[in-house]
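Architecture at a glance
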Amino acid sequence: MRIGLLTSGGDCPGLNAVIRGAVLNGIKSYDYEFVGFRDGWRGVKEGDLMPLPRHQVRGISKQGGTILGTSRTNPFEGENGGPEQIRQTLARLEVDAVIAIGGEGTLAGAQRLCEAGLPIVGVPKTIDNDLDATDYTFGFDTANQIAVEAIDRLRTTGESHHRCMVAEVMGRDVGWIALHAGMASGAHAILIPEVSTSMEQIFTWVREAHERGRAPLVVVSEGFVPEGEDAAFSSRGVDRHGRPRLGGIGEVLAPLIEQNTGLETRATVLGHIQRGGVPTAFDRVLATRLGMASVDSVAAGQWGTMVALHGTQINRVPLSAAVNNLKRVPQDRYDEAKILFG
């Protein structure tokens with residue numbers, strides 16, 4: 001059997017570990033042959049691939065990014081898109097199955113193609129940890145670690161100058177990174193998209209921390225919407241898919257905090273630095289296990305499924321279970337963290 005691998009959507013630490021795990025398991029356990037499609041669905045549509053023999057994946061699990069490249073190409077658009085065109089391309093290339101590694105958009109496309117009869121299995125990927133039907137996704141732990149290291153550095157400056165520091169982290173629709181990084185770094189306020197919070201409450205938390213002799217730390221997700229506002233802050237227009245380009249809420253909050261508390265306040269946007277660099281040990285292991293399990297799904301003919309982490313076990317779930325709903329931070333998790341604010 002000849003299997004094609006693709007990585008699609010935003011880059012993420014751990015993608016290469018998935019590729020390595022899949023190739024090694026496929027070769028050693030099933031004597032499969034592997035190829036990689038360049039730049040996600042673009043490579044599938046255009047038949048742009050590269051061979052993936054065992055030596056090609058040697059030592060790549062510790063590397064960030066993806067050796068296959070990635071893009072946000074829609075598999076249904078263009079003259080080469082759609083189930084029938086892709087089916088013909090796979091047949092011409094003698095590719096018997098596809099393993100799609102990506103987030104909600106990638107897996108939603110994979111699900112539609114599976115419904116049209118194409119042999120595809122999925123591997124969940126997102127640093128935001130917003131995919132349903134799996135406890136954690138690889139890349140999330142790395143993004144948290146990067147955020148915590150950066151926030152720890154911000155705190156030393158805040159404490160030296162008696163300032164309030166606002167750290168803005170990624171999280172368009174969900175606040176998992178803000179919640180975990182904020183708790184790990186001892187934040188005095190954590191602001192996430194799932195919970196609308198008034199500015200007065202934020203000022204109160206900052207004042208309480210300052211009155212105890214602390215340099216207040218606020219961790220905010222880029223998708224946070226203050227109480228009374230209708231949408232997340234965006235000043236950079238929309239991306240090619242029509243979504244608002246988020247980022248900058250920290251710079252909005254900082255002057256308001258300074259004006260209302262009298263504390264000098266600085267904001268830092270961590271941005272895409274959270275996506276880069278080498279994956280943590282946790283993400284390397286998780287990504288490797290998911291890659292290996294995806295090949296087992298191919299061997300079992302479990303098309304239209306995704307490998308998922310449940311507790312410490314890797315299971316199979318329908319792609320539809322992962323893409324229908326975002327996995328948001330539940331209220332009880334936020335209330336747990338809230339006890340530590342102020």
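Bear in mind that the values here come from a model prediction, so they are computed numbers and not experimental data. (Residues numbered from 1 in each chain as written. Predicted model: local features only at pLDDT ≥ 70, side-chain atom pairs only at ≥ 80, totals over all residues. Heavy atoms only, no water.)

**Quick word on the domain arrangement of the protein chain**
Note the cut-off: Each domain's extent was defined by an automatic or database domain assignment. By the convention used here, residues are in contact when the closest approach between their heavy atoms is within 4.5 Å. Once two parts are brought into contact, the accessible area they lose, counted with a 1.4 Å probe and summed over both, makes up the buried area. What counts as a salt bridge is simple: a side-chain nitrogen of Lys or Arg found within 4 Å of a carboxyl oxygen of Asp or Glu. Polar contacts, as used here, are pairs of N or O atoms within 3.5 Å; protein pairs need one atom able to donate a hydrogen and one able to accept it. Residues neighboring in sequence count only if both atoms are side-chain atoms. We call Asp, Glu, Lys and Arg charged. Ala, Val, Leu, Ile, Met, Phe, Trp, Tyr, Cys and Pro are nonpolar, and the rest, Gly among them, are polar.
When the domains of the protein chain are assigned, the result is domain 1 (2–138 + 279–324) and domain 2 (140–275). Using C-alpha coordinates to define each centre, domain 1 is positioned 33 Å away from domain 2. Counting residues at the interface gives 17 residues for domain 1, matched by 15 residues for domain 2. When domain 1 packs against domain 2, close to 1,400 Å² is buried across both sides, 54% of that on carbon and sulfur atoms. In terms of surface lost to domain 2, no three residues of domain 1 exceed Arg72, Ile127 and Asp128, which account for 42% of the buried area on that side. Connecting domain 1 to domain 2 are zero salt bridges. In this assembly, domain 1 and domain 2 are joined by five residue pairs in polar contact (both at pLDDT 80 or more). In terms of residue class, the side of domain 1 that touches domain 2 is made up of seven nonpolar, five polar and five charged.

**Some details on the pattern of salt bridges**
Definition in use: A run of DSSP states H or I qualifies as a helix once it reaches four residues; a run of E qualifies as a strand once it reaches two. Both are numbered from the N-terminal end. Classification of residues uses two cut-offs on accessible area relative to the type maximum, computed with a 1.4 Å probe and protein chains only: under 20% is buried, over 50% is exposed, and between them is partly exposed.
Applying the stated rule across the entire model yields 10 salt bridges. Between Arg38 and Asp48 there is a salt bridge; the shortest N-O distance is 2.8 Å. You can see Arg38 sitting in the loop between strand E2 (33–37) and helix H2 (41–46) and its partner Asp48 sitting in the loop between H2 and strand E3 (49–51), a full 10 residues away along the chain. Of the residues examined, Asp48 reaches a relative accessible area of 23% and is grouped as partly exposed. Of the charged contacts, one joins Arg42 and Glu46 as a salt bridge, the two residues approaching to 2.7 Å between their closest N and O atoms.

**A few points about the pairing of strand E10 (residues 305–310)**
Regular strands show a simple pattern: their side chains alternate between the two faces of the sheet. Heads up, the condition is: When DSSP locates at least two bridges between a pair of strands, those strands are taken to pair.
Counting buried residues along E10, five of its six residues qualify, which places the element largely inside the surrounding structure. As judged from the six bridges shared by E10 and strand E11 (residues 313–318), these two strands associate in the antiparallel manner. If you follow Thr305 over to E11, its bridge partner there is Pro318. Following E10, the chain reverses through two residues before pairing antiparallel with E11; Gly311 in that reversal takes a positive phi of roughly 70°.

**Let's talk about the side chain of Thr134**
Within the secondary structure, Thr134 sits in the loop between strand E5 (120–124) and helix H5 (140–161). The buried category is assigned to Thr134, whose relative accessible area is 3%. Within the structure, the side chain of Thr134 is placed 3.0 Å from the backbone nitrogen of Leu309, a separation counted as a polar contact. Not counting residues within four places of it along the chain, the set of residues in contact with Thr134 comprises Met306, Ala308, Leu309, His310 and Lys327.

**A short note on the packing of aromatic side chains**
Selection rule: Pairing of aromatic side chains requires ring centres within 6.5 Å, counting the rings of Phe and Tyr and the six-membered ring of Trp. Pairs whose planes differ by under 30 degrees are stacked, by over 60 edge-to-face, and all others tilted. Any Lys NZ or Arg CZ found within 6 Å of a ring centre and within 35 degrees of that ring's normal is scored as a charge over the ring.
Under the defined criterion, the tally for this structure stands at four aromatic pairs. Geometrically, the ring pair formed by Tyr136 and Phe140 is stacked, given 5.9 Å between the ring centres and 20° between the ring planes. Taking the relative accessible area as the measure of exposure, Tyr136 reaches 31% and is therefore partly exposed. Given a relative accessible area of 3%, Phe140 falls into the buried group. Relative to Phe341, the ring of Tyr334 has its centre 5.8 Å away and its plane inclined at 70°; by these criteria the two rings are edge-to-face. Taken together, Trp205, Tyr334 and Phe341 form an aromatic cluster joined through their ring pairs. Over the aromatic face of Phe76 sits the side chain of Arg112, whose NZ or CZ is 3.7 Å from the ring centroid. Looking at Lys327, its charged tip hangs above the ring of Trp176, at a distance of 6.0 Å from the centre.

**As for the environment of Ile273**
Relative to the assigned elements, Ile273 resides in the loop between strand E9 (265–269) and helix H9 (281–299). It is 8.7 Å that separates the C-alpha atoms of Ile273 and Ala147, two residues lying 126 residues apart in sequence.

**Concerning unusual backbone geometry**
In the Ramachandran plot, Ala133 falls in the positive-phi region, its phi being about 75° despite a non-glycine side chain. When its relative accessible area of 19% is taken as the criterion, Ala133 is described as buried. At His162, a position not held by glycine, the phi torsion is positive, near 55°. Its location among the elements puts His162 in the loop between H5 and strand E6 (164–169). Residue classification places His162 among the exposed residues on the basis of a relative accessible area of 59%.

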